[in-house]
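# Structural characterization, general
Below, each chain spelled out in residue letters.
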Amino acid sequence: MTINQVSPDAYQAVLGMEKYIRANVDAELRHLIKLRASMLNGCAFCVDMHSGEGLQDGMDTRKLFAVSVWREAPFFDARERAALDLTDEVTRLGEHGVSDEVWDEAIKQFGEGGVANLLMAIATINVWNRLSVATRNQPPTA
């Protein structure tokens, strides 16, 4: 199934969220968030897309490759770590939600408005991941 063909209005609504985060979340943070959530969700299409976009935008390859082990890698600053931690907890949202420790650090690093924008970025990539995984969307082979 190709969602944008079957349900174009719904697709446009999610695309509207995407346009918002592109205008309101730093590009490098956006790439890290999208790549990390896509890894957690097992979305091969999105991992391929967002790692490629990060490379095209000139991101440090070591950071892109280390997103899967970000806690152990020394390449991420405090803001990136806060964003990745928030991404992990929101993507794996359990019955207790986001921990106070992760939330407080995110607010410290980004402020309320910044965290709201990060949450929109995390929510948006999780929507794309779920659509791609559910429809078995595959990355291009060449």
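Refer to the structure printed above.
Let us look at the structure shown here. Residue indices follow the written sequence of each chain, beginning from 1 at its first position. Predicted model: local features are reported for residues with pLDDT of at least 70 only, side-chain atom pairs are reported and counted for 80 or more only, and whole-chain, interface and lining totals are derived from all residues. As a convention, hydrogens and water are excluded, and side-chain values are obtained from all of the structure's heavy atoms.

Before going further, it helps to spend a moment on the overall build of the protein chain. Put simply, DSSP marks the helices as runs of H or I at least four residues long and the strands as runs of E at least two long, and each gets a number from the N terminus on. Within the protein chain, the secondary structure is distributed over 7 helices and 0 strands. Secondary structure of the protein chain in N-to-C order comes out as α-α-α-α-α-α-α. In terms of overall dimensions, the protein chain is globule-like: its C-alpha atoms have a radius of gyration of 15 Å, near the 14 Å expected for 142 residues. Along the three orthogonal principal directions, the C-alpha set of the protein chain runs to about 40 × 30 × 30 Å. Summary of the burial criterion: residues with accessible area below 20% of their type's maximum are buried, those above 50% are exposed, and those between are partly exposed, where the area comes from a 1.4 Å probe applied to protein chains only. Going through the 142 residues of the protein chain one by one, you find that 37% of them count as buried. Contacts: residue pairs with any heavy atoms within 4.5 Å of one another. Partitioning the intrachain contacts of the protein chain with sequence separation of at least 6 by distance along the chain shows that 65% fall at a separation of at least 24. Taken over C-alpha atoms, the radius of gyration is set against a globule rule of 2.2 Å times the number of residues to the power 0.38.

What follows is about the nonpolar core. Residues Val25, Ile33, Ala83, Leu86, Phe110, Leu118 and Ile125 are the most contacted members of the largest nonpolar core, which totals 21 residues. Mapped onto this core, the elements with two or more residues apiece are α2 (8-24), α3 (27-40), α4 (44-56), α6 (78-91) and α7 (100-134). The dominant element in this core, judged by the number of residues it contributes, is α7, at 9 residues. Not counting residues up to four positions away in its chain, the partners in contact with Leu86 are Val98, Val102, Trp103, Ala106, Val115, Leu118, Leu119 and Ile122. Buried residues of nine kinds, namely Ala, Val, Leu, Ile, Met, Phe, Trp, Tyr and Cys, make up a nonpolar core once their side-chain atoms join them within 4.5 Å. Core analysis: the second largest hydrophobic core is formed by 10 residues, Leu32, Val67, Trp70 and Leu84 among them.

Okay, the state of the cysteines next. Throughout, a disulfide means two cysteine sulfur atoms within 2.5 Å of one another. Following the criterion strictly, the structure yields 0 disulfides and no others. In this structure Cys43 is a free cysteine whose sulfur lies 3.3 Å from that of Cys46, the closest cysteine sulfur available.

In this section: the environment of Ile107. For Ile107, the location among the structural elements is in helix α7. Along the chain, Ile107 and Ala82 lie 25 residues apart, while their C-alpha atoms are 8.9 Å from each other.

Everything listed here is a matter of coordinates, which is why it stays silent on function.
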